[in-house]
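Residue strings, one per chain:
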Amino acid sequence: MTTLPGGHAAPGAPLAGAPDGPLARVAGRIESVLGTVVEHVAAAIVLIEIIVLFAGVVARYALHSPLVWSDELASILFLWLSMLGAVVALRRGEHMRMTALVNNVRPAVRARLEVAALAASLAFLVLVLGPAIEYAHEEHFIITPALELSNAWRAAALPVGMGLMAIVALLKLVRTQRLSQVGLALGLAAAVVALFWLAQPLFAPLGKLNLVIFFVGIVAATVFTGVPIAFSFALATFSYLALTTNTPMVVMVGRLDEGMSHLMLLAVPLFIFLGSLIEMTGMARAMIQFLASLLGHVRGGLSYVLIGAMYLVSGISGSKIADMAAIAPVLFPEMRKRGAKPGDLVALLSATGAQTETIPPSIVLITIGSVTGVSIAALFTGGLMPAVVLGLALAAVVWWRYRKEDLSQVKRYAAREIGKLFIVALPAVALPFVIRAAVVEGVATATEVSTIGVVYSVVVGLLVYRQFNWGRVKPMLVETASLSGAIMLIVGCATAMAWGLTQSGFSGDLARLMADMPGGAYGFLAVSIVAFIILGSVLEGIPAIVLFGPLLFPIAVQAGVHEVHYAMVVIFAMGIGLFAPPFGVGYYGACAISRVDPNEGIRPIWGYIGALLVGLLIVAAFPWFSIGFLK
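Looking at an unreviewed UniProt entry, one finds the protein chain named ABC transporter permease, with Bordetella genomosp. 5 as its source organism. Per UniProt, the comment on the protein chain under Function (unreviewed entry) is "Part of the tripartite ATP-independent periplasmic (TRAP) transport system."

What follows is about the packing of aromatic side chains. Counted by the stated rule, this structure contains 14 aromatic pairs. Centre to centre, the rings of tyrosine 587 and tyrosine 588 are 5.5 Å apart; their planes meet at 70 degrees, and the pair counts as edge-to-face. Residue tyrosine 587 is classed as buried on the basis of its relative accessible area, which comes to 0%. Seen in terms of ring centroids, tryptophan 624 and phenylalanine 629 are 5.4 Å apart; in terms of plane orientation they differ by 50 degrees. Their pairing is tilted. By relative accessible area, tryptophan 624 is classed as partly exposed at 47%. Judged by relative accessible area, which is 47%, phenylalanine 629 ranks as partly exposed. Among the aromatic residues, those joined into a cluster by ring pairs are Phe196, Phe203, Phe214, Phe215 and Tyr240. Across the ring face of tyrosine 608, the terminal group of arginine 401 is positioned such that the distance to the ring centre comes to 4.5 Å.

Further remarks concern the confidence of the model for the protein chain. Residues of the protein chain with pLDDT of at least 70 account for 90%, and the chain-wide mean is 83. Confidence drops under pLDDT 50 across residues 1-10; counting only partners more than four residues distant or on other chains, this segment forms 35 contacts. Low pLDDT (under 50) marks residues 12-17, which in the prediction has 10 contacts with non-local residues, meaning those over four places away or in another chain.

We now examine the domain arrangement of the protein chain. If you check the domain split of the protein chain, you get domain 1 (22-261) and domain 2 (266-402 + 411-628). One C-alpha centre belongs to domain 1, the other to domain 2, and the line joining them spans 26 Å. Taken together, the contact pairs 54 residues of domain 1 with 52 residues of domain 2. Taken together, both faces of the contact between domain 1 and domain 2 bury some 4600 Å²; the carbon and sulfur share is 77%.

Counting 208 residues, the largest nonpolar core has Phe124, Met165, Ile487, Phe532 and Tyr566 as its most contacted members. Top element by residues in this core is helix α21 (residues 473-503). It accounts for 16 residues. Looking at which domains feed residues into this core, each of domain 1 (22-261) and domain 2 (266-402 + 411-628) supplies at least three. If we ignore the near neighbours within four places in the chain, the residues touching isoleucine 487 are Val268, Ile272, Ile321, Ala592 and Ile593.

Reading guide: rules and limits
- Residues numbered from 1 in each chain as written.
- Predicted model: local features only at pLDDT ≥ 70, side-chain atom pairs only at ≥ 80, totals over all residues.
- Heavy atoms only, no water.
- UniProt positions renumbered as here; feature names shortened; annotations may be inferred.
- Phe/Tyr/Trp six-rings, centres within 6.5 Å; stacked < 30°, edge-to-face > 60°.
- Buried < 20%, exposed > 50% of the residue type's maximum accessible area, 1.4 Å probe, protein only.
- Lys NZ or Arg CZ within 6 Å of the ring centre and 35° of its normal.
- pLDDT = per-residue confidence, 0-100.
- Contact = heavy atoms within 4.5 Å.
- Domains from an automatic or database assignment.
- Buried area = accessible area lost by both parts, 1.4 Å probe.
- Core = buried A, V, L, I, M, F, W, Y, C linked by side-chain atoms within 4.5 Å.
- Helix = DSSP H or I, 4+ residues; strand = E, 2+ residues; numbered from the N terminus.

Written as structure tokens, this is what we have:
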């Protein structure tokens, strides 16, 4: 994975070529102590979340005595987990960023860009700290209904997390750079902030052109010079709101909070931990051996397994990133052993994320039904076959890419051997079905169900596979917190950016433009595909649907497009935008889950994106795939 200066290998330790003076050593020791404390707290929160949510399931389903406070406590802890996890990720250099440009310049220039990226992140953290404190103070007057606590206990995670990240960033600069370089970097960052502030009168008459300047220009400039994706989004949004509107910055902090506080997203860290647990208990090895015995002798066999596995587990957690976290740790190690390149793996994983957006119980489908009035049952029925069409398109690309794969060293298993491996793997293979059954039967919510998977994996690991390394539990909890923090910060900053776009009137303008396009139903579908691919790359599915669904679905019906058919088309279009680099947030989430440098997946992903577009055009052209099974 591409990292910030100071890499993940030994946080707090001096780097090669870094200053080794007294100040650098003191900064390293402080960073090490602070980082250790934060890691322990974040790991403890992950464990507490699992215990609280599983206790809620047991109390409600087994004891018929619901814990009315469990979701509330989980929500409070989740924001703390997201912010402290982001601190851990910053210290360990695990925030996702694009380094295609940084890696192709002279070492001296690269070093300056690395320092500039860290200084830019620090600048945002310093600028937003005041509004974050103000936001937490305003939340003091809100009392939670079950625990009767001030909401400031939850909201305080934002200023605490921002402050700790600022301290870690400053310590990292002092530890890795000479004081003159630190001073220069901070001075340049302050100068850029001041320059934009002085230029504020110039932005007022530009109107909608400011959207291009801030949400295209600044995002592109910061992303391609190595600033972490989350901080690139945050800097663009903060700058736009501060310099072109009268919006108090405390409102942006509120949007950050909103983006990171959906309880459904709590499934992300829990499924990340579940993925690690499956690998540690030996369940992953058992599943892979069985799947390899079935398809290992087929060229690209495990890639087909990945496509099918994502279809099966999609929708269980309500989060695509959580779905990927359940699959990648199981399949990727064996696929790497067979020669698959990391870039191709993350590219296919991202593509399957887009392909399975319509698999029920998709939260995007539920959102469409909620804001447009379309039958959710009809959407669930209509979502299955279009995903098959896109899955077949991806399978065609897999066949082409692996058609010359050397399988001379791959063993072909006899039926009896496959049967034995199936029996061994049965407890592991049953896990996805246990999880889905728990949701369908109402035993647990989509958020809680991952805890059932965790408990199931612990029991199977201890009693069936007799493999459970207690010493790995704490590092796994820390890794879960770090990865979750990096992902949640991107989601929060993307939510704030989406809100900034909506306040500009952009959504209404786009709806009017699309309504006036010629070509009837197919013309409207074509424009919708282009528009929602672009929107999906910056707004994600749910914000885009909430903003544009009520406006565009009535227009689609007037144009002669069935509303369920239109829902499938726009969901896939948004999915393609969400998982396509360089702006798609989902792509960076897949890279984070896979621990693959984003640059490695950019070239191979375009073949899969092309296949998804072909599949989308087939679904758009033939409504039967979406509505053929409706009653």
